[in-house]
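Next come the chains, spelled out residue by residue.
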Protein chains: 2
Amino acid sequence: MQNDQHTSENILCAAEEVFADNGIAATSLRAIVKKAGANVAAIHYHFGSKEALIRAVFHRHIEPINNERLALLNALEADTSPITMEQLVHAFLAPMFHYFARQPQRVRGLFARLHSEPQWTRPILQQHHKILERFQQAFMHVAPELSAGQVRFRMTFMMGSMGIILSPNHPLLNGEQREAQTMEKMLSEIIKFNAAGMAAQAK
Amino acid sequence: MQNDQHTSENILCAAEEVFADNGIAATSLRAIVKKAGANVAAIHYHFGSKEALIRAVFHRHIEPINNERLALLNALEADTSPITMEQLVHAFLAPMFHYFARQPQRVRGLFARLHSEPQWTRPILQQHHKILERFQQAFMHVAPELSAGQVRFRMTFMMGSMGIILSPNHPLLNGEQREAQTMEKMLSEIIKFNAAGMAAQAK
DNA sequence: AATTGATTAAAACAAGTGTTTAAATCAATT
DNA sequence: AATTGATTTAAACACTTGTTTTAATCAATT
């Protein structure tokens with residue numbers, strides 16, 4: 001018996017990089033194994049299929065992010081003082097940015113694909129669905145004048161705003177604009193924007 | 001000589017539908033011509049390549065939308081009364097929704113791909129780039145305390161929030177939630193959200 | 001009715017796709 | 001040293017991809 005994990009780890013990292021660069025749909029297994037220095041069959045040996053590989057690639061990153069999200073939310077709710085909208089948006093968004101800060105760049109680009117290629121990532125998003133409902137409850141508690149539908153909408157807007165800035169090569173923000181800003185600055189900007197949006201009058 | 005336009009029109013409509021349903025990257029030319037009742041070679045005869053077809057598909061819709069955007073912006077600036085943030089966000093977002101309202105559903109799904117598959121749409125987005133700078137100036141005029149970079153960021157957030165709700169089958173909003181809301185309701189919600197976000201304190 | 005030029009059609013092209021098979025290789029245990 | 005079971009490899013599988021070619025078809029003009 002042999003527990004190398006060595007090749008499968010290489011494949012996961014290579015897949016992250018190629019997915020981030022070229023997208024999931026446009027990526028062939030051969031492009032992955034070439035970068036990983038492995039054989040095509042290794043993917044099916046270690047993961048079973050392309051789809052299962054995609055699940056594995058995202059899963060190991062989503063798990064810790066959502067755990068930190070829940071930890072922050074729990075901490076907020078444990079405290080006696082009333083929760084502010086900025087705190088809640090922070091609990092939802094900051095874990096992504098903090099996770100990206102301590103991971104290789106490709107992980108950020110990988111996550112840009114999460115919302116931009118639903119074809120492939122739908123089962124992944126659906127799997128981590130409970131956390132959205134958990135935050136929805138929290139948002140409705142902070143902004144009780146909003147209907148459930150309104151909260152849901154605004155959370156979706158928020159995720160859209162987050163998704164679009166992750167993409168390392170999105171045409172809307174060119175390289176200079178993006179890289180001039182530190183991750184921390186970007187985080188504070190997006191929190192300000194979305195906290196204001198979430199708190200907008202229900203009318 | 002013959003000016004049928006008939007087949008190329010069929011191809012454009014079929015392409016819209018299949019792009020909306022399955023994404024651009026995942027769509028083969030054969031899937032398009034099958035739905036259009038045409039031959040594979042017809043695409044290359046009428047458009048030249050898959051890439052050129054994609055350009056043509058988007059171009060005929062983007063043009064009128066951006067024209068209406070500019071018309072609204074010009075009207076606002078022509079008026080003597082100071083422009084409000086809601087008015088400006090409305091001028092930017094409403095033309096898309098109004099255009100979708102008078103087009104077949106597939107056009108909405110098609111536009112969801114515009115920001116979610118930059119691989120294919122980058123040249124298109126870059127081509128219609130001037131209008132973004134035009135609106136950036138307007139936003140900076142309405143919110144003079146914001147830096148150019150901040151305005152750019154917030155406009156990007158806004159486009160992200162818009163892009164994510166266009167997708168007809170995005171996992172975040174399930175069918176009931178989406179269809180329960182009329183287009184007009186959705187528009188007013190997203191305008192409120194983004195106007196508040198754009199107007200958030202610069203700190 | 002014949003000719004012209006635009007349009008369509010079927011077939012083939014070379015290259016790339018995810019997946020499977022069967023043999024080779026490896027490290028560790030007997 | 002031989003055996004075992006996990007891992008890797010090269011090759012082939014059947015199928016799809018965008019594009020090109022060549023011949024057929026069409027409507028209109030001569």
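The structure we're discussing is the one just above.
Just so you know, these numbers come straight off a predicted model, no measurement behind them. (Residues numbered from 1 in each chain as written. Chains lettered and ligands numbered in written order. Predicted model: local features only at pLDDT ≥ 70, side-chain atom pairs only at ≥ 80, totals over all residues. Heavy atoms only, no water.)

Novice: Looking at this structure, I do not really get the overall build of chain A. What am I missing?
Specialist: Each helix and strand in chain A was counted, giving 11 helices and 0 strands. In chain A, the succession of α and β elements from N to C terminus is α-α-α-α-α-α-α-α-α-α-α. Counting only C-alpha atoms, chain A reaches 55 × 40 × 30 Å along its principal axes. Burial status across chain A gives 51% buried among its 203 residues. Considering only intrachain contacts with a sequence separation of at least 6, the fraction spanning at least 24 residues in chain A is 71%. (Helix = DSSP H or I, 4+ residues; strand = E, 2+ residues; numbered from the N terminus. Buried < 20%, exposed > 50% of the residue type's maximum accessible area, 1.4 Å probe, protein only. Contact = heavy atoms within 4.5 Å.)

Novice: Can you help me understand the packing of aromatic side chains in this one?
Specialist: Overall, the coordinates contain 14 aromatic pairs over all chains when judged by the stated rule. Each ring, one from Phe100 of chain B and one from Phe111 of chain B, has its centre 5.3 Å from the other, and the planes form 65 degrees; the classification is edge-to-face. Taken together, the residues Phe100 of chain B in helix α5 (residues 85-101) and Phe111 of chain B in helix α6 (residues 105-116) connect sequence positions 11 residues apart. Like Phe100 of chain B, the residue Phe111 of chain B is buried in the burial classification. Ring geometry for Phe153 of chain B against Phe157 of chain B: centres 5.8 Å apart, planes inclined by 45 degrees, an arrangement best described as tilted. One end of the pair is Phe153 of chain B and the other is Phe157 of chain B, both in helix α9 (residues 148-166) and 4 residues apart, which spans about a single turn. What makes Phe153 of chain B buried here is its relative accessible area of 3%. Members of the aromatic cluster, each reached through a chain of ring pairs, are Phe153, Phe157 and Phe193 of chain A together with Phe153, Phe157 and Phe193 of chain B. (Phe/Tyr/Trp six-rings, centres within 6.5 Å; stacked < 30°, edge-to-face > 60°.)

Novice: Looking at this model, I keep getting lost on the relation of the copies chain B and chain A. Mind explaining?
Specialist: In this arrangement, two copies of a chain are superimposed by a rotation about an axis accompanied by a shift along the axis. You can overlay chain B on chain A at an RMSD of 0.0 Å; the transform is a turn of 180 degrees with a shift of 0.0 Å along its axis. Taken together, the turn and the small shift mark the pair as related by a two-fold rotation axis. Most of the interface of chain B is mirrored in chain A, where 100% of its interface residues are also at the interface. (Least-squares fit on C-alpha atoms with pLDDT ≥ 70 in both.)

Novice: How do you make sense of the pattern of salt bridges when you look at a structure like this?
Specialist: Two side chains carrying opposite charge are able to pair once their charged atoms lie near each other. Applying the stated criterion across every chain yields a total of 22 salt bridges over all chains. Close ionic contact of Arg60 of chain A with Glu16 of chain A constitutes a salt bridge, the shortest N to O distance being 2.7 Å. Taken together, the residues Arg60 of chain A in helix α4 (residues 50-78) and Glu16 of chain A in helix α1 (residues 6-22) connect sequence positions 44 residues apart. Note that Glu189 of chain B and Lys185 of chain B form a salt bridge whose closest N and O atoms lie 3.7 Å from each other. Taken together, the residues Glu189 of chain B and Lys185 of chain B, both in helix α11 (residues 183-198) and 4 residues apart, mark about one turn of the helix. The exposure class assigned to Glu189 of chain B is buried, which follows from its relative accessible area of 1%. The class of Lys185 of chain B is partly exposed, set by a relative accessible area of 36%. Bridged by salt links that share partners, the residues Glu9, Glu16, Arg60 and Arg106 of chain A form one connected network. (Salt bridge = Lys/Arg side-chain N within 4 Å of Asp/Glu carboxyl O.)

Novice: Honestly, the nonpolar core in this entry has me stumped. Any pointers?
Specialist: Generally speaking, soluble globular proteins have nonpolar side chains that are buried together. Within the largest apolar cluster, 128 residues are counted, with the highest numbers of intra-cluster contacts made by Phe111 and Phe139 of chain A together with Leu53, Phe111 and Phe139 of chain B. Residues within four places of Phe139 of chain A in sequence aside, it is in contact with Met85, Leu88, Val89, Val151, Met155, Met158 and Met198 of chain A. (Core = buried A, V, L, I, M, F, W, Y, C linked by side-chain atoms within 4.5 Å.)

Novice: Which parts of the structure should I look at to understand the packing of helix α6 (residues 105-116) of chain A against helix α9 (residues 148-166) of chain A?
Specialist: Helices that pack against each other are described as a pair by the angle of their axes relative to one another and the distance between those axes. Residue and element names in this part refer to chain A. Between α6 and α9, whose axes approach to 8 Å, the crossing angle comes to 135 degrees. Judged by the angle between their axes, α6 and α9 are oblique. Viewed along their axes, α6 and α9 form a crossing whose handedness is left-handed. Contacts between α6 and α9 pair Arg108, Gly109, Phe111, Ala112 and His115 from the former with Met159, Gly163 and Leu166 from the latter. When the residues that make up the contact of α6 with α9 are grouped by side-chain class, the tally is 4 nonpolar, 3 polar and 1 charged. (Axes fitted to C-alpha atoms, helices over the stretch in contact; angles between N-to-C directions. Parallel < 35°, antiparallel > 145°, perpendicular 65-115°, else oblique. Left-handed = near helix turned anticlockwise from the far one by under 90°. Nonpolar A, V, L, I, M, F, W, Y, C, P; charged D, E, K, R; others polar.)

Novice: Would you take a moment to explain α9 of chain A for this structure?
Specialist: In an α-helix, one turn spans 3.6 residues; hence positions three or four apart end up facing the same way. With 19 residues, α9 of chain A should cover 27 Å at 1.5 Å per step; its first-to-last C-alpha distance of 28 Å lies within 8% of that length. Here α9 of chain A lies mainly inside the structure; 17 of its 19 residues are buried. (Expected span 1.5 Å × (residues − 1).)

Novice: Just checking my understanding: could you explain the interface of chain B and chain A for this structure?
Specialist: How big an interface is tends to be stated in terms of the accessible area lost upon association of its parts. Facing the 43 residues of chain B at the interface are 44 residues of chain A. Roughly 4,100 Å² of surface becomes buried between chain B and chain A when both sides are summed, with 68% attributable to carbon and sulfur atoms. Applying the counting criterion to the chain B and chain A interface returns 2 salt bridges. With its nearest N and O atoms 4.0 Å apart, the salt bridge here joins Arg154 of chain B to Glu189 of chain A. Where chain B packs against chain A, one counts 8 residue pairs in polar contact (both at pLDDT 80 or more). Secondary-structure elements contributing two or more residues to the side of chain B that touches chain A are α1 (6-22), α6, α7 (118-127), α9 and α11 of chain B. Per-element accounting of the side of chain B that touches chain A gives the leading share, 12 residues, to α9 of chain B. Residue composition of the side of chain B that touches chain A, by class: 20 nonpolar, 15 polar and 8 charged. (Buried area = accessible area lost by both parts, 1.4 Å probe. Polar contact = N/O pair within 3.5 Å; in protein donor to acceptor, adjacent residues only side chain to side chain.)

Novice: Explanation requested: the environment of Ala138 of chain B in the structure shown.
Specialist: Among the structural elements, Ala138 of chain B can be located in helix α8 (residues 130-142). Other than its neighbours up to four places away in sequence, Ala138 of chain B contacts Leu73, Glu77 and Leu88 of chain B.

Novice: Could you clarify how one ought to interpret the packing of α4 of chain A against helix α8 (residues 130-142) of chain A in this entry?
Specialist: All names here are of chain A. Taken N-terminus to C-terminus, the directions of α4 and α8 make an angle of 25 degrees; their axes are 11 Å apart at the nearest point. Judged by the inter-axis angle, α4 sits roughly parallel to α8. When you trace α4 past α8, the crossing you get is left-handed. Between α4 and α8, the residues in contact are Asn66, Arg69, Leu70, Leu73, Asn74 and Glu77 and Ile131, Arg134, Phe135 and Ala138, respectively. The class makeup of the residues in the contact of α4 with α8 is 5 nonpolar, 2 polar and 3 charged.

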